[in-house]
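Chains, contacts and geometry: an overview
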Amino acid sequence: WVIGLLGSMLVLSKIFESHIYIVSSLFLGLTLFAIPVVVREEWKTVKGHWSCLIFTAIGIAIVVLLSILRNMIGSGGVSFEHFNIGLILFTFVAGMVAISAMVLPGISGSTILLAFGVYVPTINAVNDILKEHNFSALPYIIALALGIIVGVILIIRAVKSALEKHRPASIYTIIGLMIGSLYAITQGPTTLDEPLEAMSLSTFHIIPFIGGAVILAGLELIRYFLEKKNIK
């Protein structure tokens, strides 16, 4: 996760800025084709529990509302330029909530951080530390990291408990989160430092979309052979 985070700060952020519609099309393919994979894997769980479809609607609503809130806030946020105990605690809580989105499919962690208004300050702070060796915002990065660690511990227990005690409702909710994330992905271009229009049919790229499906199929094939090998 740390390697991925640093890589995104140094490399992927530039790709997002210059090729956001291509990346969004790729993510659409990955997410859309992942939904039937989840349904297939959990078919015995979801079959016959159609009343739990209300949880799918709730999952969709959560992501869509978060995306709307993100668009209302825009790319602006809090400032890490000055030391503030209250803001450090706020950043800690934001980290706890954001990691919940990273553990569960369907909700983007960046969406949560944007909703809290700390996404752009975090990106800028990490870039300042890595490239300019400016550590003035380090307390906020530490607070965010601690929040993420605490969030991982708490959310993993909560998800495990939910899957053990309320598995059908949990799976239906996850499916809803994934469906709702399709809308969130199309809104991704609006979150750039220089906001662009939300993705539409005219900016949609079919080849990266299919590429997302191919990547997912490849991962599923690898998993199949690994499981087959373990069974032997």
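Predicted model only: the values in this text are computed from it and were never measured. (Residues numbered from 1 in each chain as written. Predicted model: local features only at pLDDT ≥ 70, side-chain atom pairs only at ≥ 80, totals over all residues. Heavy atoms only, no water.)

What follows covers the pattern of salt bridges. Within this structure, the stated rule accounts for five salt bridges. Among the ionic pairs, Arg40 bridges to Glu41, the shortest N-O distance being 3.1 Å. Look at Arg40 and you get exposed, because its relative accessible area is 53%. For Glu41, a relative accessible area of 41% translates into the label partly exposed. Taking the shortest distance from any N to any O, the salt bridge between Arg223 and Glu41 comes out at 2.4 Å. Here Arg223 is found in helix α10 (residues 206-231), whereas its partner Glu41 is found in helix α2 (residues 20-41), with 182 residues between them in sequence. Among the charged side chains, a salt-bridge network with shared partners connects Arg40, Glu41, Glu220 and Arg223. (Salt bridge = Lys/Arg side-chain N within 4 Å of Asp/Glu carboxyl O. Buried < 20%, exposed > 50% of the residue type's maximum accessible area, 1.4 Å probe, protein only. Helix = DSSP H or I, 4+ residues; strand = E, 2+ residues; numbered from the N terminus.)

We now examine helix α8 (residues 138-165). Across its 28 residues, α8 extends 40 Å between first and last C-alpha, which sits within 8% of the 40 Å expected from 1.5 Å per residue. All buried positions along α8 are accounted for by Tyr140, Ile141, Ala143, Leu144, Gly147, Ile148, Gly151 and Ile155. (Expected span 1.5 Å × (residues − 1).)

Per-residue pLDDT for the chain has a mean of 82; in total, 82% of the residues score no lower than 70. Looking at the elements of the chain, mean pLDDT is at its lowest for helix α1 (residues 2-18), recorded as 66, and at its highest for helix α3 (residues 43-46), recorded as 91. (pLDDT = per-residue confidence, 0-100.)

Next up on the list: the side chain of Thr45. By secondary structure assignment, the location of Thr45 is in helix α3. Discounting chain neighbours no more than four positions away, the residues touching Thr45 are Arg167, Pro168 and Ile171. (Contact = heavy atoms within 4.5 Å.)

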